[in-house]
Amino acid sequence: MTFPQRFDLIVLGAGPAGGRAALTAAAAGLTVILIDEQSAAGGQVWRKPRAERVPARTDGQHGEGLRAALDASDVTLALGRRVWSVTEGFRVDSLGPEGSMSCVADHLIVATGAHERVIPFPGWTMPGVMGLAAATILLKSESRLPGKRVVVAGRGPLMAQVAAGILAKGGRVVAVVDQMRLTGWLGALPALATQPRLLAQGGGWMGRVLASRTPWLFNHRVVEARGADRVSEIVVTSASGDRRALSCDALVIGDGLVPGTEVPRLLSARMWFDRLHGGWIPELTADFETSVPGLFCVGDGAGIRGALQAGTSGELAALAVARQLGRKTEPARLARLRRAFARASCFSDAVAAMLSGQTADVARIGPDTIVCRCEDVSRSEIDAAMAEGIRDINQIKHVTRCGMGPCQGRMCGDTVQELVALGSRRSREEVGAWTGRPPLRPVPLGDLVGSFDYGDIPVPEPAPL
Amino acid sequence: MSARYDLCVVGGGIHGCTVALFAARGGMTVVLVERGSLCREASGVNAGTLTMQMTRVALIPYALEAHAMWASAATWLGHDVGVVVCDGLSLAFTQAEAELLSYRAGKRREAGAPIDLVDAKAARLVEPGLGPGVMLAGHCKIDGFANAYLTGLAYRRALIEAGVTILEETAATAVQRVQGCFEVDTTGAPVKAARLVIAGGVWIESMLGWLGVTVPIKVLVNQLAVTERQRPVMRTVIGIASGLLSLKQYPHGTTVIGGGWQARGDRERGGYELLPDRLVGNVRLACHAIPALKEARLARAWAGLEAETRDALPAVGPVPGVPDAYVCGSVHSGYTSGPYLARLLAERILGREPAMPLFPIDRLLDPFERAA
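This one's a predicted model, so the numbers in the text were calculated from it and none came from an experiment. (Residues numbered from 1 in each chain as written. Chains lettered and ligands numbered in written order. Predicted model: local features only at pLDDT ≥ 70, side-chain atom pairs only at ≥ 80, totals over all residues. Heavy atoms only, no water.)

**Concerning the overall build of chain A**
Here is step 1 of the chain: Per the secondary structure count, chain A includes 15 helices and 22 strands.
Here is step 2 of the chain: Compactness check: chain A gives a C-alpha radius of gyration of 23 Å against a globular reference of 23 Å for 465 residues, within 12% of the reference.
Here is step 3 of the chain: Taken over the C-alpha atoms alone, chain A extends approximately 65 × 65 × 45 Å along its principal axes.
Here is step 4 of the chain: When each of the 465 residues of chain A is scored for burial, the buried share is 56%.
Here is step 5 of the chain: Long-range pairs, those at least 24 residues apart, make up 64% of the contacts in chain A between residues at least 6 apart in sequence. (Helix = DSSP H or I, 4+ residues; strand = E, 2+ residues; numbered from the N terminus. Rg over C-alpha atoms; globule rule 2.2 N^0.38 Å. Buried < 20%, exposed > 50% of the residue type's maximum accessible area, 1.4 Å probe, protein only. Contact = heavy atoms within 4.5 Å.)

Now the structure itself:
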């Protein structure tokens, strides 16, 4: 293992939040390394299209801008690297094409984004069913359609973006199955109108979908996906219970976003449950510093707020780090950023409300429905454990294996916690979350061990005989 | 007025649960007080190894009895803990390790563990998944593993059937002796009992303090890791001569890697941080022993706390100077030997003569306290 490289600041995640944080810190004269699993900066929202494909428009321009600025900056870019360990100090260990790498810094900005929430329903693990965010990756990065006849379902503006994206690439959207009522959208309009450019963008997506005569089924939800070896039909229901089947070859569905808080949990930062902003998030100061000194969380990983506030939070955190390291920062700039962040909250909170976890959705999950898709654990198995008197969320994991698989509980964690809260009549705060553990993402043992000589393994002293 | 139990057990790990179970089956009314959930600390997060080749020589006779208990858990416990009985190999890759192995295996064999020293070829017949470079191996047919994380559920069911009152999510905070009876203060209602067993793992040091007894307990923070499911790559329990590797693949395909590499942690915060270099070191040993593990991905790593007395031998017996109070813990490789040692203590509490000697803690008190 190579000797750890030291920096003033390590930034994890090269999306809008992490990218801006790294640029800001480097401009302030700090030595910065920016690490991301993807081979290009941009995160999910500004994901780089594959070179031979046509670049996406609006968001891609932000992405191109960020990528160009990073290339021109003094930021050390460590892309295509999977971070697997973050320990106090801070030390970050990652694996990439060139093997393992360790770096250390007294300051760490975590900008690891969010993951999707899909509330389970019968058939959700079937081929042809994918998340809304996964579909945006296909569309943006690969310029590919999820299917020939796609149903788009769930909650929030991402549905409009995906449906419009499919149409723009010549695909067919069978229907948009929207859990929200039309009045819900209309009610959010005043708040959304505080960001006219973003409202126009969202309105444009929705307009394109409606103009294509794609049915937009408000106040409807998917109750089942059916098919032999992949989805061929889904069943939807209206709030009044009218069911109908829609023929399709792909279902793209998402019930909002969950902040990716693996790193602050691993470092034992104090967390709190903020349903509006996606669930468990770290306690933060106005500079986005957690209860662990020197550890900052920004972007959607600090609460679902979208790309607009992500960049601002990244910049504010980087300026705070610069200040802590004795660099001067303009008070006027700070004030301007804080105002911008506060102003954007009206819009982002309205969107966050659409994307937050809904207890009623979880309560509806049927007993035979798979909740943990990695380990094939159904709701009835979780309920049975609770019926035996088991309440501790980690113990539920032990007795059911729920959350023990390769996704490390990212897909099912929020749902299981909600089920345990429902079943034991406790709040999400009382139920808590699974203990954070390394590796942050699964890593191949072969890559982890690299090449080594047996004699060089630092084996500790033997235990007493 | 709350009921008075015959026995209050503080601590719901393997030791506490087993004492509670056999005391209740022996006719006592028993209450078990546990701060969290049953077997959620060392008893539920350890590597589940049931081996002689990592057991202290003095504990071999106990471990052999305990291994037989684990192998028949379905009978006496009544519930499945996923026990697999299989061969075990302790490997030596260097001359120094071969010497260590020969010496240690010899001592363990003298104590009754049926360990044979075999060459690489013979070892490979036992475990075809072995990598190159094996110089010598200790082979023991009495080995195996359990699914440690199922321990709590199995004991919970057995304790309920035996009529034990289980108070989970209830921390004991202090004990007074009032008119020949123990009053245990808890974060819930106080508990009264005629007898007391302290079985709080690494926390017995402060619990013994409630009774005015000082026994320093060292905290080991053992690191563990588990792979994703993969094809069968091994069929034995593998260790190395130094004892710093334990390796076994579960029937569902995951492989647990342990061996007692130390993580960061303490009594207050638990095992809170795994050190990457030590994790890599531990995994290198594993991949050196079974190269096909390199195909798997590391899914999760964690740490559990193990208690150790000054002489690394158990603290199982009466509490000196406090009639009717007992302690049960600090058993090295306690998952293997724990059930038998705890059952011996239950025998003693029930007024019977244990089949093997206990490990009283008088030897661990400082001389001043012993004189007093």
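**Quick word on the nonpolar core**
All names here are of chain B.
Here is step 1 of the chain: Leu 91, Ile 238 and Leu 247 are the most contacted members of the largest nonpolar core, which has 74 residues in total.
Here is step 2 of the chain: In terms of residue count, helix α9 (residues 276-289) provides more of this core than any other element does, seven residues in total.
Here is step 3 of the chain: Setting aside chain neighbours within four positions, we find Leu 91 in contact with Glu 97, Leu 130, Val 134, Leu 136, Ala 137, Ile 238, Gly 239, Ile 240, Ala 241 and Ala 289.
Here is step 4 of the chain: Of all hydrophobic cores here, the second largest spans 52 residues; its members include Phe 22, Ala 154, Tyr 155 and Leu 350. (Core = buried A, V, L, I, M, F, W, Y, C linked by side-chain atoms within 4.5 Å.)

**Quick word on the interface of chain B and chain A**
Here is step 1 of the chain: Opposite the 60 residues of chain B that make contact, chain A presents 50 residues.
Here is step 2 of the chain: Taken over both partners, the interface formed by chain B and chain A buries close to 4800 Å², and the fraction arising from carbon and sulfur atoms is 58%.
Here is step 3 of the chain: Sorting the residues of chain B by area buried against chain A places Tyr 149, Arg 284 and Arg 300 of chain B first, and these three jointly supply 15% of that buried surface.
Here is step 4 of the chain: In this assembly, chain B and chain A are joined by six salt bridges.
Here is step 5 of the chain: A salt bridge links Asp 277 of chain B to Arg 91 of chain A; its shortest N-O distance comes to 2.7 Å.
Here is step 6 of the chain: Linking chain B with chain A are 22 residue pairs in polar contact (both at pLDDT 80 or more), by the criterion used here.
Here is step 7 of the chain: Taken together, the elements giving at least two residues each to the side of chain B that touches chain A come down to α2 (42-45), α5 (95-110), α7 (151-161), β15 (270-273), α9 and β16 (297-308) of chain B.
Here is step 8 of the chain: With 10 residues, α9 of chain B is the largest single contributor of residues to the side of chain B that touches chain A.
Here is step 9 of the chain: When grouped by side-chain class, the residues that make up the side of chain B that touches chain A number 29 nonpolar, 12 polar and 19 charged. (Buried area = accessible area lost by both parts, 1.4 Å probe. Salt bridge = Lys/Arg side-chain N within 4 Å of Asp/Glu carboxyl O. Polar contact = N/O pair within 3.5 Å; in protein donor to acceptor, adjacent residues only side chain to side chain. Nonpolar A, V, L, I, M, F, W, Y, C, P; charged D, E, K, R; others polar.)

**Concerning helix α3 (residues 132-142) of chain A**
Here is step 1 of the chain: Every buried residue of α3 of chain A is listed here: Leu 132, Ala 135, Thr 136, Leu 139, Lys 140 and Ser 141 of chain A.
Here is step 2 of the chain: Of the residues flanking the end of α3 of chain A, it is Ser 143 of chain A, one or two places downstream, whose phi is positive at about 55 degrees.

**Notes on the sheet that holds strand β13 (residues 255-258) of chain B**
Here is step 1 of the chain: With respect to topology, nine strands assemble into an open sheet ordered β22(A)-β16(B)-β10(B)-β13(B)-β12(B)-β11(B)-β3(B)-β5(B)-β4(B), the strand pairing being mixed. A single partner strand is all that each edge strand has here, and the edge strands are β22 (443-444) of chain A together with β4 (115-118) of chain B.
Here is step 2 of the chain: The pairing of strand β10 (residues 218-227) of chain B with β16 of chain B spans 10 bridges and is classified as antiparallel. Looking at β16 of chain B, one finds that Leu 220 of chain B is bridged to Glu 306 of chain B. (Pairing = 2+ DSSP bridges.)

**A short note on empty space enclosed by the protein**
Think of a ball as big as a water molecule: rolled over the atoms, this probe shows where empty space is left.
Here is step 1 of the chain: Scanning the entire structure with this criterion turns up five cavities of 30 Å³ or more.
Here is step 2 of the chain: Computed from the structure, the largest cavity encloses a volume of approximately 430 Å³.
Here is step 3 of the chain: Taken together, 28 residues line the largest cavity, and the ones lying closest to its centre are Glu 262, Arg 265, Gln 408, Gly 409 and Arg 410 of chain A.
Here is step 4 of the chain: Every element with two or more residues in the lining of the largest cavity is listed here: β16 (257-259), α7 (262-266), β18 (279-282) and α13 (413-424) of chain A together with β16 of chain B. (1 Å grid on protein atoms, 1.4 Å probe; cavity = no way out; pocket = protein on both sides within 12 Å on 5 of 7 lines; lining within 4 Å. Points joined across faces, edges and corners; volume = space filled by probe spheres on them.)

**As for the packing of aromatic side chains**
What characterises a pair of aromatic rings is the spacing of the ring centres plus the angle enclosed by the ring planes.
Residue and element names in this part refer to chain B.
Here is step 1 of the chain: Scanning the model with the defined rule gives 10 aromatic pairs over all chains in all.
Here is step 2 of the chain: Residues Phe 22 and Trp 76 carry aromatic rings whose centres are separated by 5.8 Å and whose planes lie at 25 degrees to one another, so their mutual orientation is stacked. Of the two residues, Phe 22 sits in helix α1 (residues 14-25) while Trp 76 sits in helix α4 (residues 73-76), which places them 54 residues apart along the sequence. In terms of burial, Phe 22 and Trp 76 fall into one category: buried.
Here is step 3 of the chain: Between the aromatic rings of Tyr 62 and Tyr 340, the centroid separation amounts to 6.3 Å while the plane-to-plane angle is 55 degrees, which identifies the pairing as tilted. With a gap of 278 residues between them, Tyr 62 in helix α3 (residues 60-71) and Tyr 340 in helix α10 (residues 334-349) connect regions that are remote in the sequence.
Here is step 4 of the chain: Residue classification places Tyr 62 among the buried positions, given a relative accessible area of 6%.
Here is step 5 of the chain: Members of the aromatic cluster, joined through ring pairs, are Phe 22, Trp 76 and Tyr 155. (Phe/Tyr/Trp six-rings, centres within 6.5 Å; stacked < 30°, edge-to-face > 60°.)

**Brief notes about the side chain of Thr 214 of chain A**
Residue and element names in this part refer to chain A.
Here is step 1 of the chain: With respect to the secondary-structure elements, Thr 214 resides in the loop between α6 (196-211) and β11 (216-217).
Here is step 2 of the chain: At 2.6 Å, the side chain of Thr 214 and the side chain of Ser 212 are in polar contact.
Here is step 3 of the chain: With near-sequence residues (within four places) excluded, Thr 214 lies in contact with Leu 167, Val 173, Val 174, Ala 175, Val 176 and Val 209.

**Brief notes about the packing of helix α1 (residues 16-27) of chain A against helix α8 (residues 306-324) of chain A**
All names here are of chain A.
Here is step 1 of the chain: Where α1 meets α8, the axes come as close as 7 Å, and the angle between the chain directions of the two elements is 30 degrees. Judged by the inter-axis angle, α1 sits roughly parallel to α8. Note on packing geometry: the crossing formed by α1 with α8 is right-handed. Residues Pro 16, Ala 17, Arg 20, Ala 21, Thr 24 and Ala 25 of α1 form the contact with α8, whose participating residues are Ala 307, Ala 310, Gly 311, Thr 312, Ser 313, Gly 314, Glu 315, Ala 318 and Leu 319. (Axes fitted to C-alpha atoms, helices over the stretch in contact; angles between N-to-C directions. Parallel < 35°, antiparallel > 145°, perpendicular 65-115°, else oblique. Left-handed = near helix turned anticlockwise from the far one by under 90°.)

**Concerning the environment of Lys 248 of chain B**
All names here are of chain B.
Here is step 1 of the chain: Along the chain, the position of Lys 248 falls in strand β12 (residues 246-249).
Here is step 2 of the chain: Not counting chain neighbours up to four residues away, the residues in contact with Lys 248 comprise Ala 47, Gly 48, Thr 49, Phe 145, Met 234, Thr 236, Val 237, Thr 254, Thr 255 and Val 256.
Here is step 3 of the chain: Of note is the side chain of Lys 248, whose polar atom sits 2.6 Å from the backbone oxygen of Ala 47.
Here is step 4 of the chain: Among the polar contacts made by the side chain of Lys 248, one reaches the side chain of Thr 49 at a distance of 2.6 Å.

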